[in-house]
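Take a look at the letters that make up each chain.
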Amino acid sequence: MRIEIDDLTRPAIHALLNEHLQHMHALSPPESVHALDLSKLRSPDITFWSAWEGDELIGCGALKELDPTHGELKSMRTPQAARRRGAGRAILGHALGVARARGYTRLSLETGTVEAFVPAQRLYASAGFEPCGPFAAYREDPYSLFMTLRL
């Protein structure tokens, strides 16, 4: 598996991000969907990675700088057909390494609360993330679980 910085131009990335956005909208009301579209992922404060096995896209994730010591994990997604192959854990580990290298002291994330998000919640908890209150511009929301990790 290789993880690389992605320029968000390949059709496979577009398809995966479209799947991600559709799935988020199927699980949560529109005001509770915090997934980013392509234009927002191209922001200069976001680094986006894709994970590949050969020519097959097996996952993606992003790191957004909130301030010089605090980052946010965004757009973690594995295609349905590529689940349970370690891509999510690998991208999370990669993002943690980059966050530490940048000197962040905290990495936070927002994920959903419905049953479909339990595997993601478990992944984050296994890496040491703990529930926290809303951060950055987020507000309390019954559809959101906020988690943070001190680095």
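Residues numbered from 1 in each chain as written. Predicted model: local features only at pLDDT ≥ 70, side-chain atom pairs only at ≥ 80, totals over all residues. Heavy atoms only, no water.

Visitor: Hey, could you run me through the overall build of the chain in this one?
Guide: From N to C terminus, the chain includes 4 helices and 7 strands. Starting at the N terminus and walking to the C terminus, you meet the elements of the chain as β-α-α-β-β-β-α-β-α-β-β. Taken over the C-alpha trace, the chain has a radius of gyration of 14 Å; the compact-globule value for 151 residues is 15 Å, and the two agree within 12%. Its C-alpha atoms put the chain at 40 × 35 × 30 Å along the principal axes. Buried positions account for 44% of the 151 residues belonging to the chain. For the chain, the share of sequence-separated contacts (at least 6 apart) that also reach a separation of at least 24 residues comes to 64%. If you average the places of the 17 positive and of the 18 negative side-chain charges in the chain, the two averages end up 3 Å apart. (Helix = DSSP H or I, 4+ residues; strand = E, 2+ residues; numbered from the N terminus. Rg over C-alpha atoms; globule rule 2.2 N^0.38 Å. Buried < 20%, exposed > 50% of the residue type's maximum accessible area, 1.4 Å probe, protein only. Contact = heavy atoms within 4.5 Å. Lys, Arg positive; Asp, Glu negative; His and termini not counted. Charge placed at Lys NZ, Arg CZ, Asp CG, Glu CD.)

Visitor: Quick question: what am I supposed to make of the layout of surface pockets here?
Guide: Summary: where empty space remains is shown by rolling a probe the size of a single water molecule over the atoms. The calculated volume of the largest pocket comes to roughly 920 Å³. Lining the largest pocket we find 35 residues, and of these Met 76, Pro 119, Ala 120, Leu 123 and Tyr 124 sit closest to its centre. Those elements giving two or more residues to the lining of the largest pocket turn out to be α1 (11–27), β4 (70–77), α3 (87–101), β5 (106–112) and α4 (118–126). Of the residues in the lining of the largest pocket, the class split is 16 nonpolar, 11 polar and 8 charged. Roughly 150 Å³ of internal volume is contained in the second largest pocket. Around the second largest pocket, the lining residues are His 34, Leu 36, Lys 64, Glu 72, Lys 74, Ala 136, Ala 137, Tyr 138 and Arg 139. Along the lines of polarity and charge, the residues of the lining of the second largest pocket split into 4 nonpolar, 1 polar and 4 charged. (1 Å grid on protein atoms, 1.4 Å probe; cavity = no way out; pocket = protein on both sides within 12 Å on 5 of 7 lines; lining within 4 Å. Points joined across faces, edges and corners; volume = space filled by probe spheres on them. Nonpolar A, V, L, I, M, F, W, Y, C, P; charged D, E, K, R; others polar.)

Visitor: What should I look at first to understand the sheet that holds strand β6 (residues 130–132) in this one?
Guide: Across a sheet, strands are paired by hydrogen bonds formed along the backbone, either parallel or antiparallel in direction. Strand order in the open sheet formed by 7 strands is β1-β2-β3-β4-β5-β7-β6, with mixed pairing between adjacent strands. Every interior strand has two partners, whereas the edge strands, β1 (2–5) and β6, have only one. Sheet twist, expressed as the mean angle between neighbouring strand axes with direction ignored, is 30 degrees. Looking at chain direction, β6 and strand β7 (residues 144–150) are connected through 3 bridges and run antiparallel. When the bridges of β7 are listed, Pro 131 appears paired with Met 147. Contacts from α1 reach β2 (46–53), β3 (56–67) and β4 within the one sheet, and its direction differs from that of β4 by about 95 degrees. α4 rests against β4, β5 and β7 of the sheet, and its axis sits at about 165 degrees to β5. (Pairing = 2+ DSSP bridges. Axes fitted to C-alpha atoms, helices over the stretch in contact; angles between N-to-C directions.)

Visitor: I tried to follow α3 on my own but got confused; where do I start?
Guide: Given 3.6 residues per turn, any residue in an α-helix points the same way as the ones three and four places further on. Between its terminal C-alpha atoms α3 stretches 21 Å, which fits the 21 Å expected from 15 residues at 1.5 Å a residue. Within α3, the full set of buried residues consists of Ala 87, Gly 88, Ile 91, Leu 92, Ala 95, Leu 96 and Ala 99. (Expected span 1.5 Å × (residues − 1).)

Visitor: Would you take a moment to explain the nonpolar core for this structure?
Guide: Across soluble globular proteins, nonpolar side chains have a tendency to be buried as a group. Ranked by size, the top nonpolar core spans 20 residues in total, and within it Leu 73, Leu 92, Tyr 124 and Phe 129 carry the most contacts. Counting only elements with at least two residues in this core, the list comes to β2, β3, β4, α3, β5, α4 and β7. Here this core gets 6 residues from one element, more than from any other, and that element is α3. When near neighbours in sequence (up to four residues on either side) are disregarded, Leu 92 contacts Leu 73, Met 76, Leu 123, Tyr 124, Ala 127 and Phe 129. In this structure, Ile 13, Leu 17, Leu 41 and Leu 57 belong to the second largest nonpolar core, which totals 12 residues. (Core = buried A, V, L, I, M, F, W, Y, C linked by side-chain atoms within 4.5 Å.)

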